[in-house]
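# Tertiary structure, described
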Amino acid sequence: MKARIYIGTDSQAPQKRDRGYGYVLECQTQTREGFGKCRGTYNQAVLRALVEALGRFRKKCEIEIYTENAYVLGALARSLAGWAAGGFQTAAGKEIKNRAEWEAVWGLVQGHTIIGIPGKHSYSDWIRRELEKGV
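Note that the structure is a prediction, hence the values are computed from the model and not measured.

Turning to its location among the elements, R19 is positioned in strand β2 (residues 17–27). Buried charge without a salt bridge: R19, with D10 as the nearest opposite-charge side chain at an N-O distance of 4.9 Å. Engagement of the side chain of R19 in a polar contact is seen with the backbone oxygen of S11, the distance being 3.1 Å. Among the polar contacts made by the side chain of R19, one reaches the main-chain carbonyl oxygen of T41 at a distance of 3.3 Å. In this structure, R19 is in contact with D10, S11, Q12, A13, P14, G36, K37, C38, G40, T41, Y42 and A45, ignoring residues within four places of it in sequence.

In a soluble, globular protein the nonpolar side chains are often hidden away together inside. Formed by 32 residues in total, the largest nonpolar core has its most connected members in I5, W102 and V105. Listed by contribution, the elements that provide at least two residues to this core are β1 (2–9), β2, α1 (42–54), β4 (62–67), α2 (70–78), α3 (80–85) and α4 (99–109). Counting residues per element, this core draws most heavily on α1, at eight residues. Contacts of V105, omitting those with residues within four sequence positions, involve L47, L50, V51, L54, L76 and L80. Among the nonpolar cores identified, the runner-up in size contains five residues, and Y6, V24, Y66 and L131 belong to it.

Quick notes on the rules
Residue indices begin from 1 for each chain and proceed along its sequence in written order. At least 70 in pLDDT is required for a residue's local features to be given in this predicted model, at least 80 for side-chain atom pairs to be given and counted, and no such filter applies to totals for whole chains, interfaces and linings, which use all residues. Excluding hydrogens and water, the side-chain values take into account all heavy atoms of the structure. For the purposes of this entry, the term helix denotes a DSSP run of H or I that reaches at least four residues, the term strand denotes a run of E that reaches at least two, and both are numbered from the N terminus. Throughout this description, buried means an accessible area under 20% of the type-specific maximum (1.4 Å probe, protein chains only), exposed means over 50%, and partly exposed covers the range between. Just so you know, the count uses Lys and Arg for positive and Asp and Glu for negative, and it drops His and the chain ends. In what follows, salt bridge is the name for a side-chain nitrogen of Lys or Arg lying within 4 Å of a carboxyl oxygen of Asp or Glu. Under this definition, polar contacts are N or O atom pairs within 3.5 Å; protein pairs additionally need one hydrogen-donor-capable and one acceptor-capable atom, and for neighbouring residues in sequence, both atoms have to be side-chain atoms. In what follows, a contact means two residues having at least one pair of non-hydrogen atoms within 4.5 Å. For our purposes a nonpolar core is just a set of buried Ala, Val, Leu, Ile, Met, Phe, Trp, Tyr and Cys residues, chained together by side-chain atoms within 4.5 Å.

Laid out in structure tokens, this is it:
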């Protein structure tokens, strides 16, 4: 089975602030969406959306993740397994940023095939408009 997760936020500013985030999940003939709010960085908002979307899966499958956040996709592909093996600490022994979110993502991606696709996607503007409405 194949699925797609499209993630968006109301702002890509890096500093910690109140944020809205959303996702659209496409799986076979079904489409689901989810929205939330948090106080955090852009990366934290994207990670929260990802955790919520991944939490909806009950079967293992191939998941394409679309987001404009290249850092999150890069860490997912290149760093997450190493962080998990090292107790979610840096090489210098310090806790990684957003540890709780990354640990949750790690637990949820197990058994799935994950493919990250960076950049604007077909739901980017729609998610942003919905967040502006205060969904």
